Amino acid sequence: MQDLFMLTDSVVTSALIWAVLIMTVMYLGRDQARQSITTLARMLHNALRMAAFGLRRAEQHLESRNREVLLAAGREAKERMVSREFERISATVDRDLGRYPEIQRNLTETIQRIDEDHQGTAEVPPQVPGWSRAVKAVADAADKSDPSVRDVLEAIHESMERAQARALTAYREASRQRHRLLSRMMPRWRNIQGTLKRMEASVASILERSRSIDRHMDEYREILAGTDRAVQTLSTSALVQFGVSALVIAVAIGGAIINFSLIARPMAEMVGGTSYIGAFQTADIAALVIILVEISMGLFLMESLRITRLFPVIAALPDRTRVYMVAFTLTVLTTLASVEAGLAYMREILLQDELATASLLRGEAGATMTSEALWITTAAQMGMGFILPFALTFVAIPLETFVQTLRHVLGMLAILALRLTALALRIIGNLVRQSGVLLQHLYDVFIFAPLWVAGRLAADAERRAERAAEREGRARQIDAQLQREAESRREGSDPAMGGRFDGYGEATV
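Because the structure is a prediction, the values reported are computed rather than measured.

**Section: the overall build of the chain**
Phase 1: When helices and strands are counted, the chain shows 13 helices and five strands.
Phase 2: Evaluated residue by residue, the chain yields a buried proportion of 24% over its 509 residues.
Phase 3: Across the chain, every contact between residues at least 6 apart in sequence was considered, and the portion connecting residues at least 24 apart equals 78%.
Phase 4: Accessible area for the chain stands at about 34,900 Å²; split by element, carbon and sulfur atoms hold 64% of it.

Structure, rendered in structure tokens:
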């Protein structure tokens, strides 16, 4: 190979000869090489651009599909909320306004009683006896010095005082009766006031729910119209619900881990700590199965109560079947919670036995806990073992929200990934196209010497062509001038005079 590349005895000379040969070959194939580079760069650029266009179409299709799913979910949620508001209004009307005839009858009767009592409280002044004027006339006319007249007047005076005392007693009794009637009117007024307040609260509640329904119906119309504002609102709400539900599920997972730690150790005593299924202990798998069964029972319980709608089959069951299913799932859940409470109690006993055994092996007097402290920790663990399964039941609500919003979130992430990929492909395509131009310039840089020589020769040829064109132009101008002069002579014109002679020998300008 060395003899093949050594054209002469000198390495430098051989290198220069090879360089000249390579540059000559590259110069001769310059047009084909530039075309090949351009074609390759254009082909890669077009391929990347078509890929970016395909990703853009996929992004638009996914965005449209995600928009449809989001609007469908929002429409279903709004329908559920509006239906619930109508149910509440119906319940309010049936509970309060449905008793309106009875309430009206009670109000009418109460008002009539109050009117009767009010009429009975009217004050009637005592009437003056009719014979008082006659007594007054006798007293004025008779002689008061007469003993018989004086006796009559005294008797009349005593009768008047007794009559006045009786009238005063009757007046006081009538006043007490009026006060009794007035005091009996007060509870009735309060009853009327309470009834009117309840009616006012019921009507205000119905009006408030009506305004809420109007607001939901406006949002429902926007969702049906598919406006950008509705889509943006639903998207923001979906993201917020996804974050909150993910946080709650994370908290529930922490509770499940605590629950697992409570029953894993006692399960090892029950199923054996040396038994394995694959790479995992049988006790751990059994504890995990118990927790998963509790969560499943909680999901079925929530579905039977129609709080969640993860399983449409359960929601479509008859009411009697759903009641049976609620009773069954609640019984199973309570049984598993009781089992966990027993396992938690067993765990505390095993822990105390292990501590006592370790103290005996060390030769120390085992410091045991007091009975009160032992029962406090045992009761706490048993309470946690019994309550946690019921607490995990409510994980069905955030789980439903998480599942419903996960599709939208995944769609948004897929749209973002497609958009970034399309942008990267377009950038790479532009870089490939510009790289083709750069390779052409680098190719020209490598063969700069032949190009420079060719450029000089082309410049000289161009200058010679320009000079030849100038000479040819001047020759054409001279030929044209001579032709014009010949035509002027044939027509008898005098170019020096700048005019033409007519037949009379006078020059016409």
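**What to know about the pattern of salt bridges**
Phase 1: Per the counting criterion, the structure on display carries twelve salt bridges.
Phase 2: Two residues, E208 and R211, come together in a salt bridge whose shortest N-O distance is 2.8 Å. With E208 and R211 both in helix α6 (residues 147-225) and three residues apart, the pair spans about one turn of that helix.
Phase 3: A salt bridge links D460 to R463; the shortest N-O distance between them is 2.0 Å.

**Focus: the layout of surface pockets**
Where empty space is left in the structure can be found by rolling a water-sized probe over the atoms.
Phase 1: Its volume calculated, the largest pocket comes out at about 960 Å³.
Phase 2: Around the largest pocket, the lining comprises 33 residues; the ones closest to its centre are A73, G74, A77, Q241 and Q404.
Phase 3: Among the secondary structure elements, those contributing two or more residues to the lining of the largest pocket are α3 (30-95), α6, α7 (228-271) and α12 (396-446).
Phase 4: Sort the elements by how many residues they give to the lining of the largest pocket and α3 lands first, with ten residues.
Phase 5: Looking at the lining of the largest pocket, its residues break down into 13 nonpolar, nine polar and eleven charged.
Phase 6: Size it by volume and the second largest pocket reaches roughly 350 Å³.
Phase 7: Every residue lining the second largest pocket is counted, 13 residues in all, and those nearest its centre are E63, N66, S235, M412 and I415.
Phase 8: Listed by contribution, the elements that provide at least two residues to the lining of the second largest pocket are α3, α7 and α12.
Phase 9: Sorting elements by how many residues they give to the lining of the second largest pocket places α12 first, with five residues.

**A word on the side chain of H45**
Phase 1: For H45, the position within the fold is in helix α3.
Phase 2: When its relative accessible area of 9% is taken as the criterion, H45 is described as buried.
Phase 3: If we ignore the near neighbours within four places in the chain, the residues touching H45 are G429, N430, V432 and R433.

**Here's the deal with the environment of R49**
Phase 1: Counting through the fold element by element, R49 comes out in helix α3.
Phase 2: Looking at R49, the relative accessible area reads 48%, which means it is partly exposed.

**Some details on the packing of aromatic side chains**
Phase 1: Applying the stated rule across the entire model yields three aromatic pairs.
Phase 2: For the pair F242 and F402, a centre-to-centre distance of 5.0 Å together with 20° between the ring planes defines the contact as stacked. Remark: F402 occurs in helix α12 and F242 occurs in helix α7; sequence separation between them is 160 residues.
Phase 3: Since its relative accessible area comes to 22%, F402 is described here as partly exposed.
Phase 4: Relative to F390, the ring of F386 has its centre 5.4 Å away and its plane inclined at 50°; by these criteria the two rings are tilted. Residue F386 and its partner F390 are both found in helix α11 (residues 371-393); the two are separated by four residues, about one turn of the helix.
Phase 5: What makes F386 partly exposed here is its relative accessible area of 33%.
Phase 6: Here F390 falls in the partly exposed class, since its relative accessible area comes to 24%.

**Re a negative patch on the surface**
Phase 1: There is a patch of like negative charges on the surface, built from D151, E154, E158 and E161.
Phase 2: Checked against the element boundaries, D151 lands in helix α6.

**Some details on helix α8 (residues 282-304)**
Phase 1: Taking 1.5 Å per residue as the helical rise, α8 with its 23 residues ought to reach 33 Å, and the 32 Å between its terminal C-alpha atoms agrees with that figure.
Phase 2: At the C-terminal side of α8, R306 shows a positive phi close to 60°.

**Remarks on the nonpolar core**
As a rule of thumb, soluble globular proteins bury nonpolar side chains together.
Phase 1: Among the nonpolar cores identified, the biggest contains 15 residues, and I263, M267, I291 and L392 are the most heavily contacted of them.
Phase 2: Where this core is concerned, the elements lending two or more residues are α7, α8 and α11.
Phase 3: For this core, the element with the most residues is α7, which contributes six residues.
Phase 4: Residues within four places of L392 in sequence aside, it is in contact with A252, A256, N259, I291 and I295.
Phase 5: Within the second largest apolar cluster, eight residues are counted, among which are A41, L48, A52 and L425.

**Quick look at the side chain of H408**
Phase 1: Structurally, H408 is set in helix α12.
Phase 2: Engagement of the side chain of H408 in a polar contact is seen with the side chain of N66, the distance being 3.3 Å.
Phase 3: Setting aside anything within four residues of it in sequence, one finds H408 in contact with N66, L70, S235 and A238.

**Overview of a nonpolar patch on the surface**
Phase 1: Judged by side-chain polarity, L416, L420, L423, I427 and L431 come together as a nonpolar surface patch covering roughly 470 Å² of accessible area.
Phase 2: Relative to the helices and strands, L420 resides in helix α12.

**Regarding a positive patch on the surface**
Phase 1: On the surface, R464, R467, R471 and R474 cluster together into a positively charged patch.
Phase 2: Inspection of the secondary structure assignment puts R464 in helix α13 (residues 448-491).

**Considerations on the packing of α7 against helix α10 (residues 319-362)**
Phase 1: Direction vectors running N to C along α7 and α10 enclose 70°, while the axes themselves pass 8 Å from each other. When the axes of α7 and α10 are compared, the pair comes out roughly perpendicular. Between α7, through N259, S261, L262, I263, R265, P266, M267, E269 and M270, and α10, the contact on the second element is made entirely by E340, L343, A344, M346, R347, L350 and E354.
Phase 2: Broken down by class, the residue content of the contact of α7 with α10 amounts to nine nonpolar, two polar and five charged.

**Looking at unusual backbone geometry**
Phase 1: Phi angles above zero are rare outside glycine, and R306 is one such case at about 60°.
Phase 2: Turning to its location among the elements, R306 is positioned in the loop between α8 and α9 (312-315).

Reading the values: rules and limits
- Residues numbered from 1 in each chain as written.
- Predicted model: local features only at pLDDT ≥ 70, side-chain atom pairs only at ≥ 80, totals over all residues.
- Heavy atoms only, no water.
- Helix = DSSP H or I, 4+ residues; strand = E, 2+ residues; numbered from the N terminus.
- Buried < 20%, exposed > 50% of the residue type's maximum accessible area, 1.4 Å probe, protein only.
- Contact = heavy atoms within 4.5 Å.
- Areas by Shrake-Rupley, 256 points an atom, 1.4 Å probe, with all protein chains shown as cover.
- Salt bridge = Lys/Arg side-chain N within 4 Å of Asp/Glu carboxyl O.
- 1 Å grid on protein atoms, 1.4 Å probe; cavity = no way out; pocket = protein on both sides within 12 Å on 5 of 7 lines; lining within 4 Å.
- Points joined across faces, edges and corners; volume = space filled by probe spheres on them.
- Nonpolar A, V, L, I, M, F, W, Y, C, P; charged D, E, K, R; others polar.
- Phe/Tyr/Trp six-rings, centres within 6.5 Å; stacked < 30°, edge-to-face > 60°.
- Patch = residues over 30% accessible without salt bridge, like charges linked within 9 Å, V, L, I, M, F, W, Y side chains within 5 Å.
- Lys, Arg positive; Asp, Glu negative; His and termini not counted.
- Charge placed at Lys NZ, Arg CZ, Asp CG, Glu CD.
- Expected span 1.5 Å × (residues − 1).
- Core = buried A, V, L, I, M, F, W, Y, C linked by side-chain atoms within 4.5 Å.
- Polar contact = N/O pair within 3.5 Å; in protein donor to acceptor, adjacent residues only side chain to side chain.
- Axes fitted to C-alpha atoms, helices over the stretch in contact; angles between N-to-C directions.
- Parallel < 35°, antiparallel > 145°, perpendicular 65-115°, else oblique.

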